[in-house]
Amino acid sequence: MGDDDASFADMRRLTDPDADPLALDEETVERLLAGDLSPSQAPPAYAQVAALLAAAAAEPTPDELAGRPEVLAELRAATRTPRRGGAHTRRAVRPRRRRWAGLAAVALVGALVTGGAAAAASGNLPGPVGHAARSILGTIGGGLGTATTTRPASSPAPAASGPASTGVTAGPKGPRSTGSTAPGSGPRGAAGPTAVPSKEGLCKAYLASRDKEQGKKMESAAFERLVEAAGGESGIPAYCDGIHPGDPKPKDKKQQPPGGGQGPGQGGSPPGGDRQGQDQPQSTRASNR
Amino acid sequence: MIGPEFPAVLEAAARGDEEAFGRLWHDLQPRLLRYFMVAAPAAAEDLASETWLAVVRGVDRFRGGELPFRAWVFTIARHELLDWRRRAARRPIEDSPIAGLIDLAAPDDPAAAAVEGFSTRAALAVVATLPADQAEAVMLRVVAGLGVDRVAAIMDKRPGTVRVLTHRGLRRLAERLGADARIRRVV
């Protein structure tokens, strides 16, 4: 059925009672959709429809409101990232600005990554964060005993010398921590000042995996986090732009990954800015269910 | 609907205020779940979770009022749905059995429909029997509570097309529910 064309014949058939006993005029359609017509007020052929629509738009049930703690945990994890002056301060009084701008923030993160790597390898990071950190370090550093040696994962500030958007999770896709939906299964920064081995570590691992000579395969869990943070596989080169392994061994090959766009369905950058940013005329009443 | 407090709620939520974000969630989660229930019942909760992940990540960059915000969230939701369909290589919705929901609807049971009315789940199950575009248009108008222009933007269609889709959707619902001979037809 060609649903894309609002042909005149279609509309006439739909609105002309002589042609069709189920015809509705446009105003009645709008009122039905808005819930302005009770079953007894609706055209008789649509009384049941009115009841159905009312049920579809009914008040939330307890079941539907069940997942709240999980999403708040996500929010907590995403916002509890290290920042200037302390990890746990709320941003309540800060002016609204790009959070990771400024070299100071970059240097701080660089230092934290270093410290984080050491902490991870020595087992001082808690639970799932520590596990994830170790798995990433294992990928790029070749094992747990690497914290005390200079390895790419632990290289300090020079690696964080990229654009101001470098940071734990920054980038055009938003300064949020990456992570899968399973609670506690990813490096969310939930450990406070011990930075997660996220952007820098992931990018280095990715670049290392692209290196034909070294060719160390990146762990799939880590790769997924990178894809998520970058908003899709094809976004990784841009996302990791400015990250250098900092070590002569892994080559800095920013290759375009094949296929692209096959990320875990996060849909990349939410299309918030474009069409939806401006207020469109509201063409119906009662959008206030 | 949050109403006049929305700008303050959004601002607080963007700063990580959990109570504020909880209000956004309270308003939108049931709508999202129902939207996904119609199009992807088995994956509805997961898709809603994925949507919230993206909302959490982007909320501090969103600018706009309550309805644009809601439209933004449903744009994300739609992308999640499309991604899910691609990944799962689903057949068109018309061909898919809406497992587990059809028996709840019992639209062919006139007694149930006439006496008890519809439960939300039953109502969604019936909407789910519509062609995918009609179902989606109806859900975005009725459950997401968005106007024609916003729904058109979300669905990437012209407003006129959205009007036809909802019109046809309601008509088809009437036909389906009116299969019971006790519903009088307008002559």
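In this text, all values refer to a predicted model and were calculated from it rather than measured experimentally.

### A word on the overall build of chain A
Turning to step 1, where the next piece is worked out: If you tally the helices and strands in chain A, you get 9 helices and 0 strands.
Turning to step 2, where the next piece is worked out: The proportion of buried residues among the 289 residues of chain A is 48%.
Turning to step 3, where the next piece is worked out: Taking contacts inside chain A between residues at least 6 apart in sequence as the whole, the part at least 24 apart equals 61%.
Turning to step 4, where the next piece is worked out: When the accessible area of chain A is evaluated, it comes to approximately 13000 Å², of which 56% is carbon and sulfur surface.

### Some points on the overall build of chain B
Turning to step 1, where the next piece is worked out: Within chain B, the regular secondary structure consists of 10 helices and 0 strands.
Turning to step 2, where the next piece is worked out: The order of α-helices and β-strands along chain B, N terminus first, is α-α-α-α-α-α-α-α-α-α.
Turning to step 3, where the next piece is worked out: A burial count over chain B gives 63% of its 187 residues as buried.
Turning to step 4, where the next piece is worked out: Considering only contacts within chain B whose residues lie at least 6 apart along the sequence, 64% involve residues at least 24 apart.

### A closer look at the confidence of the model for chain A
All names here are of chain A.
Turning to step 1, where the next piece is worked out: This prediction gives chain A a mean pLDDT of 60; 35% of its residues lie at or above 70.
Turning to step 2, where the next piece is worked out: Taken together, the stretch residues 82-102 has pLDDT below 50 and engages in 47 contacts with residues farther than four places along the chain or on a different chain.
Turning to step 3, where the next piece is worked out: Confidence drops under pLDDT 50 across residues 249-289; counting only partners more than four residues distant or on other chains, this segment forms 127 contacts.

### Overview of the packing of aromatic side chains
All names here are of chain B.
Turning to step 1, where the next piece is worked out: Going through the model one piece at a time under the given rule, you end up with 7 aromatic pairs over all chains.
Turning to step 2, where the next piece is worked out: For the ring pair F69 and W72, a centre distance of 5.5 Å and an interplane angle of 50° mean the geometry is tilted. Taken as a pair, F69 and W72 lie in helix α4 (residues 66-88) at a separation of 3 residues, close to a single helical turn.
Turning to step 3, where the next piece is worked out: When its relative accessible area of 2% is taken as the criterion, F69 is described as buried.
Turning to step 4, where the next piece is worked out: Given a relative accessible area of 2%, W72 falls into the buried group.
Turning to step 5, where the next piece is worked out: Ring pairs connect the aromatic residues F6, F62, F69 and W72, which therefore count as one cluster.

### Things to note about the side chain of E66(B)
All names here are of chain B.
Turning to step 1, where the next piece is worked out: Here E66 shows up in helix α4.
Turning to step 2, where the next piece is worked out: When its relative accessible area of 8% is taken as the criterion, E66 is described as buried.
Turning to step 3, where the next piece is worked out: Setting aside residues no more than four positions away along its own chain, E66 makes contact with M1, I2, G3, F6 and D27.

### Considerations on the side chain of R78(B)
Turning to step 1, where the next piece is worked out: Residue position: R78(B) is located in helix α4.
Turning to step 2, where the next piece is worked out: The contacts of R78(B), once residues within four sequence positions are left out, are Y35(B), E136(B), I154(B) and M155(B).

### Quick word on the pattern of salt bridges
Residues and elements named next belong to chain B.
Turning to step 1, where the next piece is worked out: In the structure shown here, the tally under the stated rule is 13 salt bridges over all chains.
Turning to step 2, where the next piece is worked out: The salt bridge partner of E136 is R78, with a shortest N-O separation of 2.7 Å. Within this pair, whereas E136 is found in helix α8 (residues 132-142), its partner R78 is found in helix α4, the two being separated by 58 residues in sequence.
Turning to step 3, where the next piece is worked out: The exposure class of E136 is buried, given its relative accessible area of 8%.
Turning to step 4, where the next piece is worked out: Close ionic contact of R171 with E175 constitutes a salt bridge, the shortest N to O distance being 3.2 Å.

Cut-off values and rules
- Residues numbered from 1 in each chain as written.
- Chains lettered and ligands numbered in written order.
- Predicted model: local features only at pLDDT ≥ 70, side-chain atom pairs only at ≥ 80, totals over all residues.
- Heavy atoms only, no water.
- Helix = DSSP H or I, 4+ residues; strand = E, 2+ residues; numbered from the N terminus.
- Buried < 20%, exposed > 50% of the residue type's maximum accessible area, 1.4 Å probe, protein only.
- Contact = heavy atoms within 4.5 Å.
- Areas by Shrake-Rupley, 256 points an atom, 1.4 Å probe, with all protein chains shown as cover.
- pLDDT = per-residue confidence, 0-100.
- Phe/Tyr/Trp six-rings, centres within 6.5 Å; stacked < 30°, edge-to-face > 60°.
- Salt bridge = Lys/Arg side-chain N within 4 Å of Asp/Glu carboxyl O.

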